[in-house]
Protein chains: 6
Amino acid sequence: MLDFLRPDGRKHDELRSVNFQNGIAPHATGSTLVKFGNTQVICSATIENKLPKWMHAQGLKGGWLTAEYSMLPYSTLDRKDRDISRGKMDGRSIEIQRLIGRSLRAVLDLSKIQEKTIWIDCDVLQADGGTRTASITGAYVATKIAINRLIKDGVIKEDPFKDAVAAVSVGIFYDEEVLDLNYHEDKDASVDCNLVMTGSGQFVEIQGSGEEATYSEKQFNNLLAIGKKGIKELVQLQEQAISI
Amino acid sequence: MLDFLRPDGRKHDELRSVNFQNGIAPHATGSTLVKFGNTQVICSATIENKLPKWMHAQGLKGGWLTAEYSMLPYSTLDRKDRDISRGKMDGRSIEIQRLIGRSLRAVLDLSKIQEKTIWIDCDVLQADGGTRTASITGAYVATKIAINRLIKDGVIKEDPFKDAVAAVSVGIFYDEEVLDLNYHEDKDASVDCNLVMTGSGQFVEIQGSGEEATYSEKQFNNLLAIGKKGIKELVQLQEQAISI
Amino acid sequence: MLDFLRPDGRKHDELRSVNFQNGIAPHATGSTLVKFGNTQVICSATIENKLPKWMHAQGLKGGWLTAEYSMLPYSTLDRKDRDISRGKMDGRSIEIQRLIGRSLRAVLDLSKIQEKTIWIDCDVLQADGGTRTASITGAYVATKIAINRLIKDGVIKEDPFKDAVAAVSVGIFYDEEVLDLNYHEDKDASVDCNLVMTGSGQFVEIQGSGEEATYSEKQFNNLLAIGKKGIKELVQLQEQAISI
Amino acid sequence: MLDFLRPDGRKHDELRSVNFQNGIAPHATGSTLVKFGNTQVICSATIENKLPKWMHAQGLKGGWLTAEYSMLPYSTLDRKDRDISRGKMDGRSIEIQRLIGRSLRAVLDLSKIQEKTIWIDCDVLQADGGTRTASITGAYVATKIAINRLIKDGVIKEDPFKDAVAAVSVGIFYDEEVLDLNYHEDKDASVDCNLVMTGSGQFVEIQGSGEEATYSEKQFNNLLAIGKKGIKELVQLQEQAISI
Amino acid sequence: MLDFLRPDGRKHDELRSVNFQNGIAPHATGSTLVKFGNTQVICSATIENKLPKWMHAQGLKGGWLTAEYSMLPYSTLDRKDRDISRGKMDGRSIEIQRLIGRSLRAVLDLSKIQEKTIWIDCDVLQADGGTRTASITGAYVATKIAINRLIKDGVIKEDPFKDAVAAVSVGIFYDEEVLDLNYHEDKDASVDCNLVMTGSGQFVEIQGSGEEATYSEKQFNNLLAIGKKGIKELVQLQEQAISI
Amino acid sequence: MLDFLRPDGRKHDELRSVNFQNGIAPHATGSTLVKFGNTQVICSATIENKLPKWMHAQGLKGGWLTAEYSMLPYSTLDRKDRDISRGKMDGRSIEIQRLIGRSLRAVLDLSKIQEKTIWIDCDVLQADGGTRTASITGAYVATKIAINRLIKDGVIKEDPFKDAVAAVSVGIFYDEEVLDLNYHEDKDASVDCNLVMTGSGQFVEIQGSGEEATYSEKQFNNLLAIGKKGIKELVQLQEQAISI
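Since we're looking at a predicted model, the values are computed, not measured.

Basis of the calculations
Residues numbered from 1 in each chain as written. Chains lettered and ligands numbered in written order. Predicted model: local features only at pLDDT ≥ 70, side-chain atom pairs only at ≥ 80, totals over all residues. Heavy atoms only, no water. Helix = DSSP H or I, 4+ residues; strand = E, 2+ residues; numbered from the N terminus. Rg over C-alpha atoms; globule rule 2.2 N^0.38 Å. Buried < 20%, exposed > 50% of the residue type's maximum accessible area, 1.4 Å probe, protein only. Areas by Shrake-Rupley, 256 points an atom, 1.4 Å probe, with all protein chains shown as cover. Lys, Arg positive; Asp, Glu negative; His and termini not counted. Charge placed at Lys NZ, Arg CZ, Asp CG, Glu CD. Least-squares fit on C-alpha atoms with pLDDT ≥ 70 in both. Contact = heavy atoms within 4.5 Å. Pairing = 2+ DSSP bridges. Buried area = accessible area lost by both parts, 1.4 Å probe. Salt bridge = Lys/Arg side-chain N within 4 Å of Asp/Glu carboxyl O. Polar contact = N/O pair within 3.5 Å; in protein donor to acceptor, adjacent residues only side chain to side chain. Core = buried A, V, L, I, M, F, W, Y, C linked by side-chain atoms within 4.5 Å. Nonpolar A, V, L, I, M, F, W, Y, C, P; charged D, E, K, R; others polar. Axes fitted to C-alpha atoms, helices over the stretch in contact; angles between N-to-C directions. Parallel < 35°, antiparallel > 145°, perpendicular 65-115°, else oblique. Left-handed = near helix turned anticlockwise from the far one by under 90°. Phe/Tyr/Trp six-rings, centres within 6.5 Å; stacked < 30°, edge-to-face > 60°.

## A look at the overall build of chain A
Counting its regular elements, chain A contains 6 helices and 9 strands. In terms of overall size, chain A behaves like a compact globule, its C-alpha atoms giving a radius of gyration of 18 Å where 244 residues would be expected to give roughly 18 Å. Its C-alpha atoms put chain A at 55 × 40 × 35 Å along the principal axes. For chain A, buried positions account for 62% of its 244 residues. For chain A, the accessible area works out to roughly 9800 Å², and carbon and sulfur atoms hold 48% of it. Here chain A holds 30 positive side-chain charges and 34 negative ones, and the gap between their average locations is 7 Å.

Below, the structure is given as structure tokens:
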């Protein structure tokens, strides 16, 4: 049987070309410009030597990691107003930055970065689908670079990372399960699912939504299968990017 | 083998006592006070005879459904400040109200409610875990009551609902997969998963998160299994509540 | 002379049916759902073991009581946008919550609740005129229940209440002075007056406004007379509700 | 019997020295700087040739009058932050500007200023008690001047004012009923009452509040009596100021 | 050669009539109502016995001066909405208040007012061009009066002022360089330049902007020349105003 | 005489290394990443086919150009909070974006881009002094690229640019006039001056400020001289960048 023909010629379980340009933001402790095809996100990790107020208020110890996500106004085909012009963040961005934070914290032992906050910033330079999965995948690279620098500088002793973390989207596009959807596929997909997994194959987050549609258990299992394949490849690319 | 002992004596795959008190908000088109054990949510559906501005701007036709979720200040053990006092909605509430909206829209044919917006409001009166799943489950009942009234009054001709929709939480509590977590279970759960499914057993939304934890595919499959059992029971309770 | 015929058949000096459903919000220290006819308000009192910042800043001792008032979106015939959606509280709600706070503080000896803040929350579930007077009347019941619990639990020693407090509206409707106006009367009244009085018949607050109208001293005296009658009845109903 | 000795030597039923400096804001249609002793308020009336949006939305005809009240930062002994620095108006200012608007509208026949909005602005230059009553009293003068100019210029044909309107405070200070309280009296008063009345002696608004205190009907009647005397004098002073 | 005819008959290098009415805001430590022709600004200086938070956070010592600028709603020909009604300050006002603050700080030795903040408030009562230069010129007078009072009261020992400071606008109007533009000149000027200078002739700030226009070095030098003349006259008028 | 030794070894009238990386934001109509030494700014120009509301309201024709400026959180040595987190733009950013807009509009004939708005976005990726002058210099390149594309695509017929525009900072650092200050020079400079000039040597904007300092006319003339030299070089570099 011939494979399903995707708009950009990819196979149904094929990632877009993925790469990392480290050091894009020299003032951050770690940074990378991650590309999933035409989707480009500036990911940075900055270390602050204090904890958020709510941790102090609750008497919590250890460290913390928090993430912010934003689309630059020129990242979309039609210019997107800045949050500050509209007076509030849009709900979608809030959802995404909470997801990025949870994903990174799931693979970190924060007790190993006492009294420090890691700030993750993901700013989308060009949006072509999958900005949240590119953000998580790039944020891991930026944070790992930052952590390696802290260890090298003797600021912390042990690596707080328990595992790597990467993310990819899968979805149902014209009744076919496909991996790593670009904007045109995403727009027409009936089901949109984002997988966040660790380097050792554990799940961190599964988010499968049918906007004005539903899906069967069989379809969901197919999505999980191609998603796991994609994550495996992304984790390898992350390793190569960090080792440079 | 003896079943796992839960704090409130329930079996691992047992729902809390669920019921619906319809008509709680007489000025809404449809309303119900849904209870999942001690969790109580006022759910209402109000019909407005116009579409949101963005639909007009994009030239979209048909109808729309939008949802708002809020915790009343006295719903929690420590009083929760109102959104307006803090100057913004918290991110968690934004995530939840977007989920409620998507869940209801997935089972509605909005082309059948031309030029109307259905406003869903979910206000938590008492919070004891599972407020988002109780909200979705109650919002379906309130909306179905509202739709039935519109049909009876001759305002719309056909039922826009393609199926029922209900939601339940599942999670891993002390290494055991459990159904419909209350607050104390939720607080200590390593994995928290919310399932939204239709009356006919299709998935609408799967959200599985490990906050500072990860989970295996086997664990995930166990969670899905008990979740599906819970949804089946909820859909029956919804039917009874609506038919009264 | 025959009495004036009111739209709902009441005499000019007759209250609507008033009752209290205590314990509506189990997580509050005290709560009641007060009904003045079709007007329903959830009133709760929550105790917080600290004082507001401005009291510390001014070096003030004793305790404090503060009130918040809000209309739930489905409480009105046309859905009312939430404050957070509009970005600010409306002026009317601010006026009302300030009035509720002043009314309760007038009958409390706050020096008897050292270092505690009583939070009053009044959320209107159904609005049919008189929501501010129902709120004050219900807030007293909720607060008295909360105070009784604190005394029973040994948290405070003496009852800080010096007297009961209740409120009722009076107004001029088609040239007739009437008691406890419902929405349709209120809308067409030329003068609207709210009376807050104590159990022993002292005034706490008199607010008489003619919106695009004025009134004579004789009319005002008639309004006071029927208002005092209404307050006397409300205070008895409050006592019964609390004693249960 | 000797009269009660007030801090500034006035009799209990004596106004402070009151005067009006018209034309303080030359770009407004009408303006005056009103002084009640040391209390000084810039009052202006500006005519805008359109109605507020909500009137159009509700299909209302005629004209409208709206008021804004603000304390300049240097009007108080300790500098008061601007509303825009605190991010919101304080509740007291909102109450006052709503009261100013209602008071003026009560004596206006707005159908005579078709498709116009009168903007009243009251900015307190120096605060020494009674800023709201000085604002209402000055706002009438500013508005009457503006109306006279419109009539003279042939913009409107008939005077929309049905009567004059003035306001004064009365209160209980060390058990004595006193008229037109200054800041030091106001601060220590157990009961604070604001009267708004017309030139012909009708009531527009009565607001009597006991902050942490209550009052008897006899006390209230005494307050009304001296308040009426004060209003009579203020109305004469207004007439003189306008006729110049 | 005959001099260029300006709309109000002034010579090209002639100031409008300038005067100062000190004590306009009696509760401020120092205040003046400055007039540049029809432009009128209430300028006040209030002393607060604490430093801004950011100075404490950065461990800075000495004193501070901060300025706020606002246009009263009735200062313009068409009523201007208040900042709080629009929800934010306009960019122009922010620019102006930053300029006022920098200008005053340039001539102050803040180490001589330990642990004090000088608050400058400039509220425009009537706007007819040059409100920012009138504000700076008046703010110096108000602050100098306040400082003189502090010295007289023994609160500070040495005068922190190193020099006087004044400001004037110059611009190119129909190809002619003119001094102190009024609103009609300003509106049609191709180049608008604001000069802030000290009593001894040093520059504090030069801001020359061509809105949709550019200018040559020769033109700029002509502007500087007439500006210096205007500043010299303003400094003399300031001295007279303070010495009264 | 030997030239003054600057921290990075430059001569007093020497620019940092300047270059442009065009096409950094592919979804914008024109974009460039401009570098002035370590200062890096993403500059983009996006064309929107409508005018701002205020132009319609004022009945204005032609086109418009508006600019937004922001510092990315990781552009500074200590992470800078996003505007949306602080709830408002900081005053410095507002000043800068207004300057960018005025500078570009001064060299554009907006009547040649009927019914179009050019949106300039300048996002600082790395801040090392001179971000506003780099932004203006880069914004011209991005806008010129965008205009060239519109002409090539036949969307507009004539080039609206009347001239090129570039900007550079000059300042007094340890009593020496220097060109194009980096962050360490800027921090210690007593006078900071920004020059905006056209390709043909006309002034667009001169902003010279002494923060807690003043300067003489001789010093100012020296600053202008080296600034003009810098602008000349920048204009050549812009031409090269555009011609590629």
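Past the structure itself, the notes keep going.
## Focus: the relation of the copies chain C and chain D
When chain C is fitted to chain D, the best match, at an RMSD of 0.0 Å, comes from turning it 180° and sliding it 0.0 Å along the axis. Here the two chains are linked by the operation of a two-fold rotation axis. Residue C:Gln207 of chain C places its C-alpha closer to the rotation axis than any other residue of that unit, at 2.3 Å. In this assembly, 100% of the residues forming the interface of chain C have copies in chain D that are likewise at the interface, indicating an isologous arrangement.

## Details of the pairing of strand S4 (residues 64-71) of chain A
Residues and elements named next belong to chain A. For S4, the tally of buried residues reaches 7 of 8 residues, placing the bulk of the element in the interior. Examined bridge by bridge, S4 and strand S5 (residues 117-126) share 8 bridges and lie parallel to one another. When the sheet's bridge partners are listed, serine 70 is paired in S5 with aspartate 123.

## Some words on the interface of chain E and chain D
Taken residue by residue, the interface counts 32 residues in chain E and 32 residues in chain D. Roughly 2600 Å² is buried in total at the junction of chain E and chain D, and carbon and sulfur atoms are behind 58% of that figure. Contact with chain D buries surface across chain E, with E:His27, E:Tyr74 and E:Arg79 losing the most and accounting together for 30% of the total. For the pair chain E and chain D, the interface holds 10 salt bridges. In this structure, the salt-bridge partner of E:Arg79 is D:Glu68, at a minimum N-O distance of 3.2 Å. At the boundary of chain E with chain D, the tally comes to 14 residue pairs in polar contact (both at pLDDT 80 or more). At the level of elements, strand S3 (39-48), strand S4 (64-71), helix H2 (83-86) and strand S5 (117-126) of chain E are the ones that each hand at least two residues to the side of chain E that touches chain D. For the side of chain E that touches chain D, the leading source of residues is S5(E), giving 6 residues.

## Quick look at the nonpolar core
Among the nonpolar cores identified, the biggest contains 135 residues, and C:Ile100, C:Ile206, C:Phe220, D:Ile100, D:Ile206 and D:Phe220 are the most heavily contacted of them. Examining the composition of this core, we find that 10 residues originate from one element, helix H4 (residues 131-152) of chain D, more than from any other.

## Side note on the interface of chain C and chain D
Across the boundary between the two partners, chain C contributes 30 residues, which contact 30 residues of chain D. Regarding the contact of chain C and chain D, the summed buried area is about 2900 Å², with carbon and sulfur atoms giving 47% of it. The largest share of the area that chain C buries against chain D comes from C:Glu95, C:Phe203 and C:Glu212, three residues that together contribute 19% of it. Inspection of the chain C/chain D interface yields 5 salt bridges. Residues C:Arg102 and D:Glu95 are paired through a salt bridge, measuring 4.0 Å at the closest nitrogen-oxygen approach. For the side of chain C that touches chain D, the secondary-structure elements that each account for two or more residues are helix H3 (91-106), strand S9 (203-209) and helix H6 (217-243) of chain C. Counting residues per element, the side of chain C that touches chain D draws most heavily on H3(C), which supplies 8 residues. When grouped by side-chain class, the residues that make up the side of chain C that touches chain D number 10 nonpolar, 9 polar and 11 charged. In this structure, S9(C) lies alongside strand S9 (residues 203-209) of chain D, joined through 5 bridges in antiparallel fashion. When the sheet's bridge partners are listed, C:Ile206 is paired in S9(D) with D:Gly208.

## Section: the sheet that holds strand S5 (residues 117-126) of chain B
Residue and element names in this part refer to chain B. Taken in spatial order, the 5 strands of this open sheet run S1-S2-S3-S5-S4, and their pairing is mixed. Edge positions in the open sheet fall to strand S1 (18-22) and strand S4 (64-71), since each of these has one partner strand only. Taken pair by pair, the neighbouring strands of this sheet meet at an average axis angle of 20°, ignoring direction. Here strand S3 (residues 39-48) pairs with S5 via 9 bridges, running antiparallel. Across the sheet, residue glutamate 48 finds its bridge partner in S5, namely threonine 117. Along the sheet, helix H3 (residues 91-105) makes contact with S4 and S5, crossing S4 at roughly 145°.

## Here we look at the relation of the copies chain E and chain D
By a simple turn and slide, chain E fits onto chain D: the slide is 0.0 Å along the axis, the RMSD is 0.0 Å, and the turn is 180°. In this assembly the copies share their binding face: 100% of the residues contributing to the interface of chain E also contribute to that of chain D.

## Brief notes about the pattern of salt bridges
Evaluated as defined, the whole model comprises 135 salt bridges over all chains. Salt-bridge contacts for C:Asp90 lead to C:Arg86; the nearest nitrogen and oxygen are separated by 3.8 Å. As a salt-bridge pair, F:Lys112 and F:Glu158 come within 3.7 Å of each other at their nearest N and O atoms. In this pair, F:Lys112 is assigned in the loop between helix H3 (91-105) and strand S5 (117-126) and F:Glu158 in the loop between helix H4 (131-152) and strand S6 (165-173), connecting sequence segments 46 residues apart. Taking the relative accessible area as the measure of exposure, F:Glu158 reaches 48% and is therefore partly exposed. Sharing partners across several salt bridges, the network here consists of A:Arg6, A:Asp8, A:Arg10, A:Arg16, A:Asp128, A:Asp180 and A:Glu185.

## Quick look at the packing of H3(F) against H4(F)
All names here are of chain F. In the contact formed by H3 and H4, the axes pass within 10 Å of each other and the chain directions differ by 40°. Taken together, the axes of H3 and H4 lie oblique to each other. Crossing geometry of H3 relative to H4 is assigned as right-handed. Residue-level contacts link Arg92, Glu95, Ile96, Leu99, Ile100, Ser103 and Leu104 of H3 to Thr131, Arg132, Ser135, Ile136, Ala139, Tyr140 and Thr143 of H4. Of the residues contributing to the contact of H3 with H4, the split by class is 7 nonpolar, 4 polar and 3 charged.

## Structural notes on the pairing of strand S3 (residues 39-48) of chain D
Residues and elements named next belong to chain D. Across the 10 residues that make up S3, a large majority, 9, are buried. The pairing of strand S2 (residues 30-36) with S3 spans 7 bridges and is antiparallel. For serine 31, the partnering residue across the bridge sits in S3 and is serine 44. Counting the residues in the hairpin turn of S2 and S3 gives 2 residues, including glycine 37, whose phi is positive at 60°.

## Description of the side chain of F:Asp83
Along the chain, the position of F:Asp83 falls in helix H2 (residues 83-86). Note on F:Asp83: relative accessible area 11%, which makes it buried. Contacts of F:Asp83, omitting those with residues within four sequence positions, involve A:Ile84, F:Ser70, F:Lys88, F:Met89 and F:Asp90.

## Structural notes on the packing of aromatic side chains
One pass over the structure, following the stated rule, counts 39 aromatic pairs over all chains. Pairwise contacts between aromatic rings join A:Phe203, A:Tyr215, A:Phe220, B:Phe203, B:Tyr215 and B:Phe220 into one cluster.

## Some thoughts on the sheet that holds strand S8 (residues 191-198) of chain B
Strand pairing in a sheet relies on backbone hydrogen bonds, with the paired strands running either antiparallel or parallel. Ordered in space as S7(A)-S6(A)-S8(A)-S9(A)-S9(B)-S8(B)-S6(B)-S7(B), the 8 strands form an open sheet in which the pairing is antiparallel. This sheet does not close on itself; its edge strands, each paired only once, are strand S7 (176-179) of chain A together with strand S7 (176-179) of chain B. When the angles between neighbouring strand axes are averaged without regard to direction, this sheet yields 15°. As paired strands, strand S8 (residues 191-198) of chain A and strand S9 (residues 203-209) of chain A are joined by 6 bridges and run antiparallel to one another. Its bridge partner being in S9(A), A:Cys193 is matched across the sheet by A:Gly208. Here H3(B) sits on the sheet and contacts S9 of chain A together with strand S6 (165-173), S8 and strand S9 (203-209) of chain B; the angle it forms with S9(B), its principal contact strand, is near 150°. Running over the sheet, helix H4 (residues 131-152) of chain B touches S6, S8 and S9 of chain B and is turned about 165° from S6(B).

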